Protein chains: 2
Amino acid sequence: MTVTLPSVSEKHRVRLQPLELPERLLLGPGPSNAHPAVLEAISRPPIGHLDPKFLELMTEVQGLLRYIWQTDNRLTIPVSGTGSAAMEATIANSVEPGDVVLVGVMGYFGNRLVDMAGRYGADVRTIHKPWGDVFSLAELRQALEEHRPQILALVHAETSTGAEQPLAGVGDLCREFDCLLLIDTVTSLGAVPTLLDEWGVDLAYSCSQKGLSCPPGVSPFTMGPRAEEKLARRKGKVANWYLDMSLLNQYWGSDRVYHHTAPVNMNFGIREALRLIADEGIETVWKRHRDNAEYLWAGLEDLGLTCHVPVENRLPTLTTVRIPEGVDGKAVSRQLLDEHGIEMGGGLGELAGKVWRIGLMGYNSRRENVDRLLSILADVLPRS
Amino acid sequence: MTVTLPSVSEKHRVRLQPLELPERLLLGPGPSNAHPAVLEAISRPPIGHLDPKFLELMTEVQGLLRYIWQTDNRLTIPVSGTGSAAMEATIANSVEPGDVVLVGVMGYFGNRLVDMAGRYGADVRTIHKPWGDVFSLAELRQALEEHRPQILALVHAETSTGAEQPLAGVGDLCREFDCLLLIDTVTSLGAVPTLLDEWGVDLAYSCSQKGLSCPPGVSPFTMGPRAEEKLARRKGKVANWYLDMSLLNQYWGSDRVYHHTAPVNMNFGIREALRLIADEGIETVWKRHRDNAEYLWAGLEDLGLTCHVPVENRLPTLTTVRIPEGVDGKAVSRQLLDEHGIEMGGGLGELAGKVWRIGLMGYNSRRENVDRLLSILADVLPRS
């Protein structure tokens, strides 16, 4: 059989050299550098998403996520996308049109939750705190009294401000008001204590490229029994096919029914990333992050710099540092990147132009990285 | 400052060995084996998603996708998820509640389009063909006359049946009826001619793990000017935050505004995958796939096996072979996997238990792989 192939336009044919990339020490809000063993794992030849060996790996990943999140939740899986996809998965699977969703906004990612919940038909209510601040239990109680929501959504680790929202007692409060507790642990999982079951969290999400030392591309998601019940009771289909947990549950649960082709290599990566954390022990990992953060904070203070968040609410993973008066924050960041290969983040939203964001997460949370950054900052910044 | 760290439950702490994976030749419906240069690229240390070098890479990927799809569409990007996410992106960004969406169902993935479109509030109409068959231009005209849809959705390469839907003339028809043409090229992009602009396609999606020889995890998406106009005109927000092209366009367009953290390493991979195809030349790639497929078909015939799809509609990428009477199809597949490390697909949906699915895609479309498979099949199958 002879088939005539069509003629082809060369208009968009670009001739490129093989990939060349600069070396970077990623000390911004993420992605953070990946562990070399994780990079090695994602470079393995793929196997099928229904291969017996891959099904075994899925079980391992689920178990290790439960350990690191400290939860017994059955439905704990890596979503096939980046952190925002896992965020949307918690919303899509819990919100029914007309539900009152109360969002605690204390930074950029709270606002994202507001936007997402609205798209799923929620009656969204908000409470606000200045960027860098957190909510007290009394303030949350008052807001629950007033709004009587079906879901309370809070950001545990606000990546835009570097503040950590305390969560002890919040789950009890939500049970008292018969509402689900949904939290963002994008910048805390695998680095800062996340005691999901002890706190009474019903839905949570995270990412792979921060505390887990894996490149971005698969993102932890978990939902507990109360959230599963709400999903089972809902009248209409989840308004998102790709992230529908009633379908995904058939693949990640015992049935192993095909839903979509899992990003197998990224799953190789997260499996190794989680294994390394379990080897080190999660409490040791938490302590390492705190020790290195405190070492950074002391060094910044020695340089005459001020942290934006009070120490009692400061995240060990991400530090917002005020840009001193008269200093061009962007120029400093550019100099660090161009001359030293170090990425530091700028401010986001309300804090744009006001702070730098310094991340010490996962594989990068090491004393030598703090020393390197501090010594360069000492050279680059004007002496006060 | 002394912080007391909480005590930890060891219940889910699994002690694992470093990742060990079997070697597989993936001759099923996908994932297919990745090119070694692609695997090397995705193992590079990540850089930031707003790093100047990454922004440059984004432009390269967009250009190469336009070449391989043969389109000038400005909004051509890799979606941060697997093929089903890109599929949902075409639906989410084109369907407004109440729109009539006409889906041509000739296999499993047509049904998936029906499910997805319904979730976005479409008034879904369907036309059907037996699995393995395709629609004629006359049949499509008649259905457009009857249903007057806003969108016609067709599967160019039906992965569940191995049939290729001819598309020449369909875009003209859609313009005549003032409707958008949306097509699935998951099993055709980078392997079978996809002449998007010549055919008048308005929206298309694909995946990375088949014709492109990259692992799954980033997925080509494109929308043309007519689809962009509909998006700009829509009253409500796109009912999906992660896949909202009006937001993604600000990151992938010239503004480079942060939306979500791109899966940077998977983008390294697809950049290399597309570069390799552009180096080989897309028409050479198409010819290689056709030649190797014809070689496979001849070999299967020599073994007394029958292809499910008539040769004129048969996809070069994926061949459905009827399981001979009296042969246990699953047992043969298991034997191939366990004894020879070769993955072959089983039937899906209506064809479950009736066919095997043999993929020759991207890096795997090589004569030596056909020889290896045929010689094993000759040994394993009972002589007729």
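Residues numbered from 1 in each chain as written. Chains lettered and ligands numbered in written order. Predicted model: local features only at pLDDT ≥ 70, side-chain atom pairs only at ≥ 80, totals over all residues. Heavy atoms only, no water.

Identification of chain A as Alanine-glyoxylate aminotransferase from Synechococcus elongatus is taken from an unreviewed UniProt entry. Quoted verbatim from the Cofactor (unreviewed entry) field of UniProt, the annotation for chain A is "pyridoxal 5'-phosphate". Quoted straight from UniProt, the Sequence similarities (unreviewed entry) entry for chain A says "Belongs to the class-V pyridoxal-phosphate-dependent aminotransferase family." (UniProt positions renumbered as here; feature names shortened; annotations may be inferred.)

## What about the interface of chain B and chain A?
With 102 residues of chain B in contact, the opposing surface of chain A contributes 103 residues. Both sides together, the interface formed by chain B and chain A hides about 8,500 Å², and carbon and sulfur atoms give 62% of it. It is Leu19(B), Arg119(B) and Trp241(B) in chain B that bury the most area against chain A; as a group they hold 10% of the surface buried on that side. Viewed at the interface, chain A and chain B are joined by eight salt bridges. (Contact = heavy atoms within 4.5 Å. Buried area = accessible area lost by both parts, 1.4 Å probe. Salt bridge = Lys/Arg side-chain N within 4 Å of Asp/Glu carboxyl O.)

## Things to note about the pattern of salt bridges
All names here are of chain A. Summed over all chains, the structure comprises 50 salt bridges over all chains. Between Arg 226 and Asp 202 there is a salt bridge, with the nearest N and O atoms lying 2.8 Å from each other. Here Asp 202 lies in the loop between α7 (196-199) and β9 (203-205) and Arg 226 lies in helix α8 (residues 225-233), a separation of 24 residues in the sequence. For Asp 202, a relative accessible area of 3% gives the class buried. Each member of the salt-bridge network shares a partner with another, and the members are Glu 60, Arg 271, Glu 272, Arg 275 and Asp 279. (Helix = DSSP H or I, 4+ residues; strand = E, 2+ residues; numbered from the N terminus. Buried < 20%, exposed > 50% of the residue type's maximum accessible area, 1.4 Å probe, protein only.)

## Notes on the packing of aromatic side chains
Under the defined criterion, the tally for this structure stands at six aromatic pairs over all chains. Both rings, one in Tyr108(A) and one in Phe109(A), keep their centres 5.1 Å apart while their planes meet at 65 degrees; by these two values the pair is edge-to-face. Of the residues examined, Tyr108(A) reaches a relative accessible area of 23% and is grouped as partly exposed. A relative accessible area of 9% places Phe109(A) in the buried class. Taken together, a centroid distance of 6.1 Å and an interplanar angle of 35 degrees make the contact between Tyr258(A) and Tyr108(B) tilted. Highlighted residues: Tyr258(A) in the loop between α9 (245-252) and α10 (264-280) and Tyr108(B) in helix α4 (residues 108-119), drawn from two different chains. Chaining the aromatic ring pairs together yields one cluster made of Tyr108(A), Phe109(A) and Tyr258(B). Across the ring face of Trp297(A), the terminal group of Arg314(A) is positioned such that the distance to the ring centre comes to 4.8 Å. (Phe/Tyr/Trp six-rings, centres within 6.5 Å; stacked < 30°, edge-to-face > 60°. Lys NZ or Arg CZ within 6 Å of the ring centre and 35° of its normal.)

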